[in-house]
Amino acid sequence: MTATTAVAMTAATERELLDLIVRPDGQEDLCLAIYRPSTGETRTTALITSVIAPERDERFVHGNVTVTGNYILRGLEVARDEGSGLILLHSHPDGHGWQAMSIADRDTEASYANLARELTGLPLVGMTLAVGDNTWSARHWNLGAGKKVDCIHCTNVRVVGDQFSVSWNDNLAPPPQETNRQIRTVSAWGSQSQANLARRRILVVGAGSVGLDIILRLAASGICNLTIMDFDIVEEHNLDRLIGAEPRDVRLQRPKIHVAHREAVRAATAANAKIETSDLSICEPAGLRLALDHDLIFSCVDRPWPRAVLNSLAYSDLIPVIDGGIAIDPFEDGTMRNATWRSHVIRPQRPCMNCNGQLDPADVIPDKQGLRDDPTYIAQETPSCETEGQNVAPLSVSVAASMLAQYTSFSVAPGGLGDPGPLRYSLSNHCLYRPSKSPQPHCPVEADEAVGDQHTNPADRHERAEQQRQHAASPGVRIRLLRWFDDRLNAVVP
């Protein structure tokens, strides 16, 4: 059993729910919904897929609201037939913030929890809306049985739309204390936004030139829970772009995550920042499970297979992915013709990477087969998307800045605009473009919205990641000894 729980939904689903349970007369109301589980390494998230509106006489509004057994049974039948679970939602018209359950709320949900688990095989999920400030709260009834049935309260409820909105359970995820090192940051967007952003669990996939810069900026902004995923080792040709890496990291055959962790700890401004690392590949099932424990992901990879995995989970598991990349186009004599970089938020109601031209599905299989590492194969093809090719330090920071700007707009929504959609900047004429891409009605990736554990994500065994981990974990005796001295000399936490 996973340790924590959460709920996620799209903004379109939230609007449908609000129309049903927020009444103009100020009374409580309720409805049912269907969910599919998304199971990570330590967290299970209920992904709301559809709403079941009450029919006449299936609930009674009398200031408070009472649900009928017939309504619950109808909802359970629908959930069972769809291989899904049931959610019971109700409103607190005068509520503000995360809502504790009243005795009546607890008794009602507990009375149906055993039946829901028996008929659907999944726990009942209860949700409450505080209408006063539009804050959701939730719990999964997955503990005990019979009269001892009990719930695990969720850490958060996430709504993915033009803006990424998160309701927080302050008891499980208290707002971190602001520090003097964050005064300028807080002055930019206020304490409420800082409390929201700092509590998010963010994953950065790829600790190269772009990823490392993003990691440092997130740590400096006060993020408390940051995970860095990469399996590569620092090599000499990385030093012109991997700002913070040193020649000794090459000599000691340091993994990139070691450098990223070291620099992120130095940059962190949160009082108790938790910066974790993983040498898994997002392409591996274990790496995918770890990713599902996070609220938002930065995609800083340049290969088709990992981008396809991230592209898929953004829809199947409702975890927004901020992706970006750069292409440098040289003349035959080696001088620069142009450079372009792109950034976009991958999420429902936005085109996936296939549809916006940033990923060619035909490139995924060769990448899985290791052909992308074969120079003879690479020489026979032309990169199919703008994110492939070489990079330079002065421009990699532009990609990182563009992705971080997308993240800020998506999170804080200055002017109420939120996610601006895909953006492309051309260096040759210094113009910012908005590519006219839209979701495609028959896209198989976008059609898998909120399927959770029923997804068909292309994660699989990743031989190159296994080889790199083995190489990093088994250096010679001399390298191990030098690492030991270096760690203690520089007070680095492994």
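Cut-offs applied
- Residues numbered from 1 in each chain as written.
- Predicted model: local features only at pLDDT ≥ 70, side-chain atom pairs only at ≥ 80, totals over all residues.
- Heavy atoms only, no water.
- Core = buried A, V, L, I, M, F, W, Y, C linked by side-chain atoms within 4.5 Å.
- Buried < 20%, exposed > 50% of the residue type's maximum accessible area, 1.4 Å probe, protein only.
- Helix = DSSP H or I, 4+ residues; strand = E, 2+ residues; numbered from the N terminus.
- 1 Å grid on protein atoms, 1.4 Å probe; cavity = no way out; pocket = protein on both sides within 12 Å on 5 of 7 lines; lining within 4 Å.
- Points joined across faces, edges and corners; volume = space filled by probe spheres on them.
- Nonpolar A, V, L, I, M, F, W, Y, C, P; charged D, E, K, R; others polar.
- Patch = residues over 30% accessible without salt bridge, like charges linked within 9 Å, V, L, I, M, F, W, Y side chains within 5 Å.
- Areas by Shrake-Rupley, 256 points an atom, 1.4 Å probe, with all protein chains shown as cover.
- Salt bridge = Lys/Arg side-chain N within 4 Å of Asp/Glu carboxyl O.
- Pairing = 2+ DSSP bridges.
- Axes fitted to C-alpha atoms, helices over the stretch in contact; angles between N-to-C directions.
- Phe/Tyr/Trp six-rings, centres within 6.5 Å; stacked < 30°, edge-to-face > 60°.
- Parallel < 35°, antiparallel > 145°, perpendicular 65-115°, else oblique.
- Left-handed = near helix turned anticlockwise from the far one by under 90°.
- Contact = heavy atoms within 4.5 Å.

(A) Broad picture of the nonpolar core. Judged by nonpolar contacts, the single largest core of 43 residues is most densely connected at Val7, Met127 and Trp136. Sort the elements by how many residues they give to this core and strand S2 (residues 30–39) lands first, with six residues.

(B) Representation of the layout of surface pockets. Approximately 600 Å³ is the volume attributed to the second largest pocket. Together, 24 residues line the second largest pocket, and Thr135, Ser165, Val166, Ser167 and Gln192 are the ones closest to its centre. Listed by contribution, the elements that provide at least two residues to the lining of the second largest pocket are helix H1 (11–21), strand S8 (135–143), strand S11 (164–168) and helix H4 (183–199). A class-by-class count of the residues in the lining of the second largest pocket yields eight nonpolar, eleven polar and five charged.

(C) Layout of a nonpolar patch on the surface. A cluster of nonpolar side chains, contributed by Leu481, Trp484 and Phe485, occupies part of the molecular surface with about 340 Å² of accessible area. When you line up the elements, Leu481 lands in helix H15 (residues 477–489). Leu481 sits in the partly exposed class, given a relative accessible area of 48%.

(D) Quick peek at the sheet that holds strand S3 (residues 43–52). Read across the open sheet, the nine strands follow the order S9-S8-S7-S6-S2-S3-S1-S10-S11; overall the sheet is mixed. For this open sheet the edge positions go to strand S9 (150–153) and S11, each flanked by a neighbour on one side alone. Adjacent strand axes in the sheet meet at a mean angle of 30° when their direction is disregarded. Of the pairings in the sheet, the one linking strand S7 (residues 124–130) to S8 comprises seven bridges and is antiparallel in character. Paired with Val125 across the strands is His140, a residue of S8.

(E) Inspection of the packing of aromatic side chains at higher detail. For the structure on display, the rule yields three aromatic pairs. Summarising the aromatic geometry, the rings of Phe164 and Phe410 are spaced 5.6 Å apart at their centres and angled 10° between planes, so their arrangement reads as stacked. Here Phe164, found in strand S11, pairs with Phe410, found in helix H12 (residues 393–412); they are 246 residues apart in sequence, far enough to count as distant. The exposure class of Phe164 is buried, given its relative accessible area of 1%. With 4.9 Å between their ring centres and 20° between their planes, Trp341 and Tyr425 make a pair best called stacked. With a gap of 84 residues between them, Trp341 in strand S17 (residues 336–346) and Tyr425 in strand S18 (residues 423–426) connect regions that are remote in the sequence.

(F) View of the pattern of salt bridges. Enumeration over the complete set of coordinates arrives at 30 salt bridges. A salt bridge links Arg307 to Asp323; the shortest N-O distance between them is 2.2 Å. Of this pair, Arg307 sits in helix H9 (residues 304–316) while Asp323 sits in strand S16 (residues 321–330), and the two are 16 residues apart along the sequence. No difference in accessibility class separates Arg307 from Asp323, as the two residues are buried. When the shortest N-O distance is used, the salt bridge between Glu466 and Arg461 registers 3.1 Å.

(G) Quick peek at the packing of helix H5 (residues 209–220) against H12. Where H5 contacts H12, the two axes come as close as 9 Å, and the packing angle between them is 45°. Put simply, H5 runs oblique to H12. As H5 runs across H12, the sense of the crossing is right-handed. Packed against H5, whose contacting residues are Ser209, Val210, Asp213, Ile214, Arg217 and Leu218, the element H12 presents Ser396, Val397, Val399, Ala400, Met403, Leu404 and Tyr407 at the interface. Classifying every residue of the contact of H5 with H12 gives nine nonpolar, two polar and two charged.

(H) Examining the sheet that holds strand S12 (residues 201–205) more closely. With mixed pairing, the eight strands of this open sheet are ordered in space as S14-S13-S12-S15-S16-S17-S18-S19. The open sheet terminates on both sides in strands that have one partner only, identified here as strand S14 (274–278) and strand S19 (431–433). Each strand of the sheet is rotated relative to its neighbour by a mean of 15°, with strand direction disregarded. The pairing of strand S15 (residues 296–299) with S16 spans three bridges and is parallel. Pairing of Ser299 across the sheet is with Asp323, part of S16. H12 contacts S12, S15, S16, S17 and S18 of the sheet and is inclined by roughly 25° relative to S17.

Everything listed is a geometric property; what it means functionally is a separate question.
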